[in-house]
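Structure assessment
So you can see what is in the structure, the chains are spelled out below.
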Amino acid sequence: EYSSVANKSDEVLVIRPGSDGALALGMAHVILKEKLYDKDYVKKFTDLPLLVRMDTLKHLSPRDYIKDYKPAKLSNGTEIIEKGAKLPDMTLQKGQYISREMREEWGDFTMWDPKTKAPVPICRDEVGKHFEKLGLNPALSGTFKVRLLDGKEVEVQTVFDMVGKYISDSFSPEKVSKLTWAPQKAIESLAREMAANAGNSLVAVGMGPNHFFNNDCKDRSILLVCALTRNIGYHGGHVGSYNIISFL
């Protein structure tokens, strides 16, 4: 049975039902191993440079190592609503509104600055072009040590390395071929083709399966591949230039 996309495609890869996530992680394995990812994009627009504490496996918070740290002021139309305050009428709302409690719960994150050889706090708004203003070129890979406020020294690692190790250990093209029934060479070829078409690969994903428990993991796997290859959002080109990959 061929879908409306498949019967108009130059190449069709039919996989075992429900193995879309495994296929995506197999593609990520190839992209990481062969260093086909867009390093600059990954640093500026993903969570992969963020640091994770090895003792708790939680993100390293600036509150862990900076005394009396206060979350950074958010921009981009985000307004903090203090406790007891009322939201403007819906027709008058101009941006995103969040409660003070929610902002405190979010907190901020930490990256490693190779220049200063020290952790540096960063908030959700300080991405992309803001890195240049901050003079920040974070480490994408590495294990470091950070001294906490209580004097304890903890080991931290980038999300990039943690995700990469998981994929390297568990989702080689050979293993993924057995899980998905897709030929190993086809998995490798698809990964390389998507990386070669940065900004011009359109992944059509069905929403229906997300109604079932844990099926959002399938989308997270696919989005990881898109993030590694700078295929998140619209980057230019025209419909005729798109490399269309259809999952489900």
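It should be emphasised that the depicted structure is a prediction, and the values quoted were computed from it without experimental measurement. (Residues numbered from 1 in each chain as written. Predicted model: local features only at pLDDT ≥ 70, side-chain atom pairs only at ≥ 80, totals over all residues. Heavy atoms only, no water.)

1. Quick word on helix H1 (residues 20–33)
- Taking 1.5 Å per residue, 14 residues should reach 20 Å; H1 reaches 20 Å between its end C-alpha atoms and fits that length.
- Burial runs high along H1: 13 of the 14 residues are buried.
- Looking one or two places after H1, you find Lys-35, whose phi comes out positive at around 55 degrees. (Helix = DSSP H or I, 4+ residues; strand = E, 2+ residues; numbered from the N terminus. Expected span 1.5 Å × (residues − 1). Buried < 20%, exposed > 50% of the residue type's maximum accessible area, 1.4 Å probe, protein only.)

2. Remarks on the nonpolar core
- If you look at the biggest cluster of nonpolar residues, it comprises 36 residues, and the most contacted ones within it are Met-27, Tyr-37, Leu-48, Ile-167, Leu-224, Val-225 and Leu-228.
- Only H1, helix H6 (159–170), helix H8 (184–196) and helix H9 (216–228) provide two or more residues apiece to this core.
- Leu-51, Phe-144, Val-146 and Leu-148 belong to the second largest nonpolar core, which has 10 residues in total. (Core = buried A, V, L, I, M, F, W, Y, C linked by side-chain atoms within 4.5 Å.)

3. Considerations on the side chain of Lys-43
- With respect to the helices, strands and loops of the structure, Lys-43 is situated in helix H2 (residues 39–45).
- For the buried residue Lys-43, which engages in no salt bridge, the nearest side chain bearing the opposite charge is Asp-40, 7.1 Å off. (Lys, Arg positive; Asp, Glu negative; His and termini not counted. Salt bridge = Lys/Arg side-chain N within 4 Å of Asp/Glu carboxyl O.)

4. Considering the layout of surface pockets
- Its volume calculated, the second largest pocket comes out at about 450 Å³.
- Per element, the largest residue contribution to the lining of the second largest pocket is 6 residues, and it comes from H9.
- Counted by class, the lining of the second largest pocket contains 13 nonpolar, 2 polar and 2 charged residues. (1 Å grid on protein atoms, 1.4 Å probe; cavity = no way out; pocket = protein on both sides within 12 Å on 5 of 7 lines; lining within 4 Å. Points joined across faces, edges and corners; volume = space filled by probe spheres on them. Nonpolar A, V, L, I, M, F, W, Y, C, P; charged D, E, K, R; others polar.)

5. Some thoughts on empty space enclosed by the protein
- In total, this model carries 1 cavity of 30 Å³ or more according to the counting rule given.
- There is about 40 Å³ of room inside the largest cavity.
- Along the walls of the largest cavity sit Leu-32, Leu-48, Phe-160, Val-163, Gly-164, Ile-167, Leu-224 and Leu-228, which together make up its complete lining.
- Looking at the lining of the largest cavity, the elements with two or more residues in it are H6 and H9.
- Per-class residue counts for the lining of the largest cavity are 7 nonpolar, 1 polar and no charged.

6. Considering the packing of helix H7 (residues 173–180) against H8
- Look at H7 against H8: their axes get within 8 Å of each other, and the N-to-C directions meet at 110 degrees. It follows from the interaxial angle that H7 and H8 lie roughly perpendicular. Taken as a pair, H7 and H8 cross one another with a handedness that is right-handed. Across the interface between the two elements, Pro-173, Glu-174, Val-176, Ser-177 and Thr-180 of H7 pack against Gln-184, Ile-187 and Glu-188 of H8. (Axes fitted to C-alpha atoms, helices over the stretch in contact; angles between N-to-C directions. Parallel < 35°, antiparallel > 145°, perpendicular 65-115°, else oblique. Left-handed = near helix turned anticlockwise from the far one by under 90°. Contact = heavy atoms within 4.5 Å.)

7. A few points about the side chain of Asn-231
- Along the chain, the position of Asn-231 falls in the loop between H9 and strand S9 (243–247).
- There is a polar contact of 2.7 Å between the side chain of Asn-231 and the backbone nitrogen of Gly-199.
- Engagement of the side chain of Asn-231 in a polar contact is seen with the side chain of Thr-229, the distance being 2.9 Å.
- Excluding anything up to four places from it in sequence, Asn-231 contacts Met-194, Asn-197, Ala-198, Gly-199, Asn-200, Ser-201 and Cys-226. (Polar contact = N/O pair within 3.5 Å; in protein donor to acceptor, adjacent residues only side chain to side chain.)

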